[in-house]
Structure formats: structure tokens, C-alpha cells
There are 2 protein chains.
Amino acid sequence: MKENNDHPKALEIYLNLRKEIQHYQEITGIAHWDMMTMAPKAGKALHSEALGTLSTEAFKRSISKEMEEVLEALMEKGTFETLDRKYQRSVEKDYKGLQRFRKIPEKEYREYVVLTSKAQNVWEEARENNDFQLFQPYLEKIIDFNRRAAELFGYEEHPYNALLDHYEEGMTVKELDDIFSVLKKEIIKLLQTIQESSVKPLKKYDNLELSVEKQKILSRRVLEMIGYDFSAGRLDESVHPFTIGLNPKDVRLTTRYRKDFFKMALYGTIHEGGHGMYEQNIPMELFGTSAGSAASTGIHESQSRFWENVIGRSEEFWIGIIDEFKEIFGEEAKEVTLEEMVPYVNIVEPSLIRVEADELTYSLHIILRYELEKDLLTKKISVAELPEKWNAKMQEMMGLLPENDRVGVLQDVHWSGGMIGYFPTYALGNIYSAQLAETMEKDLPDYRDLVKNRDFEPIKQWMVEKVHSRGSLLTAKELLKEITGSALTSEPYIRYLTEKYRRIYKFSGNKAE
Amino acid sequence: MKENNDHPKALEIYLNLRKEIQHYQEITGIAHWDMMTMAPKAGKALHSEALGTLSTEAFKRSISKEMEEVLEALMEKGTFETLDRKYQRSVEKDYKGLQRFRKIPEKEYREYVVLTSKAQNVWEEARENNDFQLFQPYLEKIIDFNRRAAELFGYEEHPYNALLDHYEEGMTVKELDDIFSVLKKEIIKLLQTIQESSVKPLKKYDNLELSVEKQKILSRRVLEMIGYDFSAGRLDESVHPFTIGLNPKDVRLTTRYRKDFFKMALYGTIHEGGHGMYEQNIPMELFGTSAGSAASTGIHESQSRFWENVIGRSEEFWIGIIDEFKEIFGEEAKEVTLEEMVPYVNIVEPSLIRVEADELTYSLHIILRYELEKDLLTKKISVAELPEKWNAKMQEMMGLLPENDRVGVLQDVHWSGGMIGYFPTYALGNIYSAQLAETMEKDLPDYRDLVKNRDFEPIKQWMVEKVHSRGSLLTAKELLKEITGSALTSEPYIRYLTEKYRRIYKFSGNKAE
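Computed from a prediction, not measured in an experiment: that's the story for all the values here.

Draft legend 1. Expanded view of the packing of helix α3 (residues 65–75) of chain B against helix α4 (residues 85–102) of chain B. All names here are of chain B. Two numbers describe how α3 lies on α4: the axes approach to 10 Å, and their chain directions differ by 135°. Compared by their axis directions, α3 and α4 come out oblique. Crossing handedness for the pair α3 and α4: left-handed. Across the interface between the two elements, Met67, Glu68, Leu71, Leu74 and Met75 of α3 pack against Val91, Asp94, Tyr95 and Leu98 of α4. Residues of the contact of α3 with α4, tallied by class, amount to seven nonpolar, no polar and two charged.

Draft legend 2. Local environment of unusual backbone geometry. In this model, lysine 506 of chain A sits at a positive phi of 50°, which is unusual for a non-glycine residue. Structurally, lysine 506 of chain A can be placed in the loop between α20 (491–505) and β4 (507–508). By C-beta crowding, lysine 506 of chain A is classed as exposed, having 12 other C-beta atoms within 10 Å. Backbone geometry places lysine 379 of chain B, a non-glycine residue, at a positive phi of 60°.

Draft legend 3. Spatial organisation of the interface of chain B and chain A. If you look at the interface, chain B gives 29 residues, while chain A gives 29 residues. Mapped onto the side of chain B that touches chain A, the elements with two or more residues apiece are α1 (2–37), α2 (44–62), β1 (233–237) and β2 (243–247) of chain B. With nine residues, the single largest contributor to the side of chain B that touches chain A is α1 of chain B. Residues that form the side of chain B that touches chain A fall into these classes: 14 nonpolar, eight polar and seven charged.

Draft legend 4. Expanded view of the relation of the copies chain B and chain A. With an axial shift of 0.0 Å and an RMSD of 0.0 Å, the rotation relating chain B to chain A amounts to 180°. The symmetry that links the two subunits is that of a two-fold axis. Residues of chain B ranked by C-alpha distance from the rotation axis are headed by alanine 31 of chain B, positioned 3.3 Å from it. A symmetric contact is evident, with 100% of the interface residues of chain B recurring at the interface of chain A.

Draft legend 5. Structural view of the sheet that holds strand β3 (residues 250–255) of chain B. Residues and elements named next belong to chain B. As summarised here, the arrangement of the three strands in space is β1-β3-β2, forming an open sheet in which the pairing is mixed. Both edges of this open sheet fall to β1 and β2, since each of them pairs with a single strand only. Neighbour-to-neighbour, the strand axes of the sheet open up by a mean angle of 20°, direction not taken into account. Helix α10 (residues 262–280) rests against β1, β2 and β3 of the sheet, and its axis sits at about 165° to β3.

Draft legend 6. Seen up close, the sheet that holds strand β1 (residues 233–237) of chain A. All names here are of chain A. In spatial order, the strands read β1-β3-β2; together these three strands make up an open sheet with mixed pairing. Unpaired on one side and paired on the other, β1 and β2 (243–247) mark the two borders of the sheet. Going from strand to strand, the sheet's axes swing by 20° on average, the running direction of each strand aside. Of the strand pairs in this sheet, β2 and strand β3 (residues 250–255) are connected by four bridges, and their pairing is antiparallel.

Rules behind the numbers
Residues numbered from 1 in each chain as written. Chains lettered and ligands numbered in written order. Predicted model: local features only at pLDDT ≥ 70, side-chain atom pairs only at ≥ 80, totals over all residues. Axes fitted to C-alpha atoms, helices over the stretch in contact; angles between N-to-C directions. Helix = DSSP H or I, 4+ residues; strand = E, 2+ residues; numbered from the N terminus. Parallel < 35°, antiparallel > 145°, perpendicular 65-115°, else oblique. Left-handed = near helix turned anticlockwise from the far one by under 90°. Contact = placed C-beta atoms within 7 Å. Nonpolar A, V, L, I, M, F, W, Y, C, P; charged D, E, K, R; others polar. Buried ≥ 20, exposed ≤ 12 C-beta atoms within 10 Å, placed from the backbone. Least-squares fit on C-alpha atoms with pLDDT ≥ 70 in both. Pairing = 2+ DSSP bridges.

This is the structure:
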């Protein structure tokens, strides 16, 4: 009898706690968005302090004794089984997060929060002054903490698994090593073939100057076209593009514009549009539970990459929009042709900076970071050696040597914020996107015609049904298996890349003609 | 010994509590601004719920037992005297607010919060359908609550004083009766003289169509000109214009534009600019204490009215900006002349709607509401009689009979939100603005030339030094006395109005020529 009487009450308490946390996240989310887009310069320092206070309040609630007790009550045998699937998943996820946090002694956790907050400022300064040694002691402490955290969290086989699990539940070094080693080899092979090809796409559109006001119109039209809902969202500008889902009815995107670099705004916008449509289409029914979020960081990235690359860089996409593109820019784009545009947006050119990388070499940037993170964690390399190791790998994979650490090991913000184990999700996004696309093509064999005709609705609806509507009721692994019938594999992605570049660089199979 | 050891600690606890409250207010302020300006339509309902939760959290902190205890410790004899003036004032204000709240039984307060929240929706519906009876039971309960609250708060002489005190500390019915009766008589006399004048300003600029984009440029330029700081603020659009001071480094304004009504945007913007400059110039040293806010609602309004009317509608102002005005609008404003513009922005024409009233008759709208509020509170009239009483007063003062309640008793949102005692501060703002202007003219005898030359800095600095820099270290009454050397009096305002309209409507003294 006890359980039966208690469980509706426990569920009610749990849902009220979750609602309160959601309310904090929603309001602090607005304030965060505001700081990145709207807030006047002078006011930001004070907002940042205020935001710190309220974020702490939200976090306190998620790890409170009250939360722990109610989660334990709901996880009891005899109770858990009676819960709706979405509540089961929400309880599981929250309890896992709470237990993870509990394993870190409070004092160490507090010190780490202070450390990463300081480290981000130091990293900024170090990057600006090209001074790795300034950042080194901070990164050493961050790696030490993560090494210790992995031990405290516990893991099987490899400490990196404990960190990875935070962003990509259940993902392991073993799987990644298998996948990434194949991918690395194949990408490097493709890269060579491309570099040996006699076809060299024209770069003359690098000289196009397209007015920012018209680029804004294009960005908006493309988002409307692919199915992003402006009645439940916005598109603004920020230094670093991002998507923020405040609730499924308010999902905001940002992008950035440069008159002489239209690819940046266009593909940045479509990328965030992919993230945004995911957030907009997680069912309201899951809202407020922990099942009402994306399946994983990698799956989130699969949505942005799918729309940005699989769709947005395809020939069919440009067949569909070229007339409108030329109409919007008028005189400014009068020389643009479909025949030149498609190779232009797919130019392959190894470069030093991840965020500026082409589609093909992007994953190499990720694999490089993944290899270094693992080696740092297992002490195979030290932080002091990092710049040298970075440069060696860059040379090996891309044939390029960074002229300084600013364009090398100091380029990314992630490590300074303590995000170790995050990078692999970027490459997973690429791999997932191709696996999903191959399955989609079985359900929508004419999908390329749909793209040509700008009829994106069936494609979007396929993603909504298969991916978005599930929230995180399944893990990425379960979701992928359910949708594609197979486990993670890089084969579809390699097929997709080979096919794309074969057409553009005119080689057969993996060989230049 | 005890006091000496405890008081720094008590002060520290107090300031930490205040800081936390400020942080909540700042972040919820951003979310509120966002709802009014930026949030996509679909997301607002959820934001509103989240905002409710966090506002409650902030309020809870301001009336907590912990806050009460620390305030009491700081107010103890032997401690209070040692506090810095700003902390004394902050403690006094907070304690007064807390005691005020404590006097209402919690159950009644909760019911009232629910009541006013519902009443605002009902009022909207009632106004839309011109159905006072729908709103009547809600307004009855609101008046009942305020009557009871006045008794619980306690007062001398008149229950309305207890409500008034909340917006305008220390203001009394006796003072307002004296001031308003003179003002009412003089305005009605001036109105008659104006209506009998043979001068009838041309209304042909009512037909001007000025593009919204250019009106935005004008609004921005005028704000920059008078000294509003855009590096610590923004100007956006909203249905109802407002100013929100998140902190002194981030004070945001909104306005609204209509192609065929440029006066609305221009004067709306200058009005909010006056509020905004006040908020921007309250010293950082007072920030986070309760002394770091405006002296009173009426003093706040004096700043908006000063810039909107005393400056913005003056001939000198238009001498200064007419060329730029014509330059911005080009062809659209080619027929505009200084000689026609000044009378045009000062047209006197009695009307039914307060927010559309001209400068002269505006105060009559306020006096009407003040008289009704007093009579409702003392049961001299009932809520049921309100429409009839409203219409009678409108006829008496303005010579106009509202054709329905929508343009009569149902026009304002204030009562539905429980704001009884607020209206008088609008008229006080007018009166204060003229008292301040007369004193300013003694310090800056050439201030009219400064305005002609668009050299607003000395005028702004006078206001900063005399008003803004004091925060609420003094009450409105104390501040006015200190600055002008005199108590509240409507004489300067009557002199200002007479002088202004004498020039425009060309009569001598109070008589038409």
C-alpha cells in the first residue's frame, strides 16, 4: 500500500522540482541570449554576475537533498515500473547526473568551478598573446581534475569513457578508436585524390561582395524554406553563432555576416537552423522532463550537419535556390552560375583552424583533438608537450605546420572551460548525419527531387518523426539502432563524401581520373 | 561591545541579501523586457509562467525572516547611527516595505495577487467589449482590499494617504487637494482662453507621412543629443512605451512608430529618454541599495515631462533641430516650417483618452481619476456608479461626454492591477518639472540659448547633480525643498503653461487678445 500512495505524491514533488528548474533555465537562458546579442556593452559585467547567482540557484535545485530523495523514491522497485516511460527516462537521467556530481567532493568541485572560470579568461589572454605557457598551468589543473573525476565516476576499460559518457551516453574509446581510425585513413586518402585531381574549383566567388542586408534576407528565406518556424523563434547576430532552445515554442538562432564572405552567414545559418528545428520539434509532452532534450550532443550535431552539408551543399539544393539567390542580390551576384557555385561551396582545402575547415577535413581536426585528449588523460603526453604534439599531428594529417600556437593548440575555447570529451561529438554528428540520410533515402527515394523543388517538408517531417519527436527517450545508440537498424558505422559517411567529391573533382571510385 | 562586533556582520548579511535580490531583479528585468520587445509570440506564455516563479523567489527574499531580523539589528539604537547615510536610507526603506507587507495577512495577500492577475485579463476583455459590468465585481474587490489595506497600514487624516505613500512617500490628500484644486481651476481657465482665441494652429501636419525608418533615425539622434547614453542602453519598439533600468549601465527604452503620427514616436521617445537619463545617472555607489532608486514615482515623471514638454515642445528646441529634421525626412517633410511646427506640437484640444491628451489638459485627466479614487475609498461613491461619475466629471472639466466606457472609465490598465494612488504622480511630475525648471533657470539663465544651440550638456548635468545623483537618499519632499528652497506648489507650472500658451495663442496674461 505504501508505494501506491506515495508514488503519485513523489512524482508530483519531482515534477514540481523539475518545473522550477526549467523556469530558472528558461529565464537565465533569455539573459544569456541577451548578453550575446542585445545587451549594451557597459551593462554586461553586472549581468554576468547576476546570471552567475541565478545559475547557481538552478544548479542547487538539481542536486538538492530533496531532489535526491524523491529520485530515490521514484527509482524504488515497485514504483519505477509503474511510471510512464518519459518519467522513467527523466528520473534515470537526473539521478545519473546527480550521482555523478555527488562523487566529486564539494570542495574540489567549488575549486574547479573557480578554476575553469579563471582559465577561460587566461586562455583568451594566452591566445591573444600567443603564449601557451600562460595557459599551461591552468590546463594542467583542468586535466588533473578530469583524470581524478574519471576515477571517481568510475569506468570500464578507459578513463576517457567516463568523460565521454557525459556528452554521448554509453560511447566508448573502443568504438571511437575503431570508427575514427577508418575515417581518418579514408579522409586522408580522399584528400590526396582530390589534391591530385586536375579539377580545381574556381575561387572567384571569394571576391563577391554581397551586402549584409541582402544576406539577412537570404538567411531568413532559407530558414523558412527548410522549415524553421519563425513564430517560435528568431534569427539575430552574435560573435559566435549559437542556438538556444528556451522552450519548444521559443528557439533562437544567431549567425554572423561578412560582406566578403557569404558562405559564412549562409552555412552558419543553415547549421543553426538544423539545431533549431530539432529543439522546436521536441514534443511539448516531454517538456519539463529530462526526456525533453536532445538524445545526445552528437545527435544534435547530426541535425545541424545534415541540413548544412548533406542538404545545403548539395547540387540539388543550389538548383532549387539559385534563381532566388540571384534575384535577392541582383547586380551584386550577376555573374554567379550554378555550375560554379556547387564546386565553390564544396572546395576542399586543408587549413589550420577548425571552425574554418571544409567539410572533408573538418573531422580530421576533431580526430586530432580526440587523440590528444586521450593521451593527456592517460599521461602518455604531458600538457607541456601539447603544442609540439599538436603541430606534429597537424603536419601528419593535414600537411600543415601552424606558424604559432594561436592558430594551433590555443585556437579552441573548450578545454579552458573544462570540456574534455566533447570534441568527438562534432565528428559523430557528421557520421550520424550520413547514416540517417541513407536510411531516409530508403523511405524517401525521391528526396533529391524534393530538394531540387524546395519541397523540404517531407524531409523535415522524416527527421521530426524519427529523431526530434523522441526527445531523449532513447540514448543516441538506441535511437540510431532503431532508426537505421544498425550500430554506429562510418561507412555511409565515407560513401557520402566519396560520392560528393567524385562528382565535383571528377574521379572514379577513390582515384583521380 | 556586542553592537560593535555585530554591526559590520549584520551590514554584510544585509548587503548580500540585497545583492541577491538585485540579481533576481536584473535577470527577471531582462526577461520582462524580452517579452515586451523580442520574444516570439509562441514562446511568451511559458516565459510568463517562468517569470512568475522567479519574481516570487525575489519577493520571498525581500520579506524573509532573515531580512527582517537583519533589518531590525541594523535599526537598533547605537547601530543605526553608525551606518553610512546610504545604508541608513536603504534599511529604512526596506524595513518600511517589509512592515507594510507584514500587516496584510498572508492568505489575503495571496488572494489579492490572484485577483489582480485575473482582473487584468478581465479588464482587457471588458474594454474590448465595452462591458463595464464584467469588470465591476473585480474592481469592487480591488477597492475593498485597498480600503482594508489602508486600515491595516494605518494613516493620519485620510485612508488614501496610506496608498499614496507607497508611490510618493509622505504625500497627503490635504496637499494634493490644495494643489489640484488650484491647478484644475487655472487649467480650465486657460483652456477657455485658448478656445476663445482667434489663433487656431494649423493641423495640416496631421497629414504628414514620415517613413518609420527615418523616424527611427530622428529618435536616436534626439536621444543622443539630449544626453542619453547608448553605450549603456538601447531603443526598441513595444506596444506600450516603457523604460527599464536593469542597472545604471543598462537602461533600455522603447517607443512606437506610426507613419502618419510622428509626434507619437518623437515625444514618446523623449519622454522615455528623460526617465532613462535618470536611471543612467544614479551613482554606482548607491547601486544595490534601496537608496539607488528614484526619489519617487512623481520625481521620475518630472524627468520625463521636463525633457518631453519643457524642453521638447519649446520653440528653442525646434529652432535647434528643425534643419536636421528636414534633412532626415527630405522630400517627405519639405513643407515643414518652424513657424508652423511649434504651434503644431502644442495644440490644445480636449480629448477623452489620457494617453493621447495634450500637455495642458493632461493634468485634468489625472485630477479626475484622483477625485474618483478618493471617493471610492471613502465609499462616497460605489464602483457601480463609477461610469456615470466618470462621465459627469469629464463633461464638467473637458466639456466632453464619452460615447462609451471603452473611451471612458475602462481606458486605463492601472486599477485592474491594483494600482490605487498611483495616478496623482503623473500630475505631480508636471508640477515638479516646472518647479525644477524655474530653479534651473536661476543657475543657468541662458538655458534657452543652450537649447537653441542644442547644447544640452549643462542642462543634463544640472539634473544629474541636483536630482539623479541623489538616488533616493532624500524623499521627494526633501529633495524638492533642498533644490528649489520651497515646498510643492503649482505656481511655477501655471506660470509655465500661461507663458507658453500666451505666446502660441497670442493672448496677454490670462486673457485672449
